[in-house]
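# What the coordinates show
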Amino acid sequence: MAKVINALIASRLLTSSALFLVYDEGGGFFDHVAPPQVDAYGMGLRVPALVISPYAKRGSVAGHLYEHTSILQFIERRFGLPLLTSVNHQFNVETPGQHNDAANGKTVGPPAPPRDNLPQVGDFLEAFDFSQNPGYYPSLPSV
C-alpha cells in the first residue's frame, strides 16, 4: 500500500484524488465494542479505514460511524449525484447464502429500508476540508 500511496502522491492527479483504504480482515474478534443496532440488520464489526487525499483533514481521527456504502454516499454528496447506495439493497439471486431472501425464493426482503439517509451513519464528507492547500503533503518514510 505504501507503493500505491507514494505513486498517488507523485501523480499529477493527486489534487483531484481521494484514496479510501478499507481494511476488512474478516474476523473482528479483536474488537471490544459491540456493533450498534441502527436498523433490522444491525451493523457489522468495525472495519479500519484510512482516507488519503490532500483534502483529508490533517491529523484527524474521525469518530463517526461509517459503513462500506459511506464511500458511495461521499461521492453522492460531493458531486450532487442521485442515490447510488440504494443499488446495494436490491436483491441478488446469484449470491447464495443463508440470509439472502432472493436466493431463497422470496419476492420481498426484510422490512429494513436502505441506510441511505440514516443520521447515525456518516458519509466521509466530514473527513475532508476542501479549503486546505492541496499542494501540501507530509514526507513519508521510504519503502
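To be clear, the structure that these remarks concern was listed above.
Residues numbered from 1 in each chain as written. Predicted model: local features only at pLDDT ≥ 70, side-chain atom pairs only at ≥ 80, totals over all residues. Heavy atoms only, no water.

Moving on, we get to the environment of Tyr 66. Of note, Tyr 66 is situated in the loop between β2 (49-52) and α2 (70-79). C-alpha of Tyr 66 to C-alpha of Phe 124: the two residues are 58 residues apart in sequence and 7.6 Å apart in space. The contacts of Tyr 66, once residues within four sequence positions are left out, are Met 43, Val 121, Gly 122, Asp 123, Phe 124, Glu 126 and Ala 127. At a separation of 3.0 Å, a polar atom in the side chain of Tyr 66 contacts the side chain of Glu 126. (Helix = DSSP H or I, 4+ residues; strand = E, 2+ residues; numbered from the N terminus. Contact = heavy atoms within 4.5 Å. Polar contact = N/O pair within 3.5 Å; in protein donor to acceptor, adjacent residues only side chain to side chain.)

This part is about the environment of Glu 126. Relative to the helices and strands, Glu 126 resides in the segment after α2. For the pair Glu 126 and Gly 63, spaced 63 residues apart in sequence, the C-alpha separation works out to 9.9 Å. Within the structure, Glu 126 has its side chain in polar contact with the backbone nitrogen of Phe 124 (distance 3.0 Å).

Moving on, we come to helix α1 (residues 2-10). Of the positions making up α1, those classed as buried are Ile 5, Leu 8 and Ile 9. For α1, the arc enclosing every buried residue in end-on projection is 100°, short of the 170-degree limit, so these residues lie on one face. In α1, the exposed residues that point more than 90 degrees away from the buried face are Lys 3 and Ala 10. Buried-residue contacts for α1 involve β1 (19-22) and β2. (Buried < 20%, exposed > 50% of the residue type's maximum accessible area, 1.4 Å probe, protein only. Arc of directions from axis to C-beta.)

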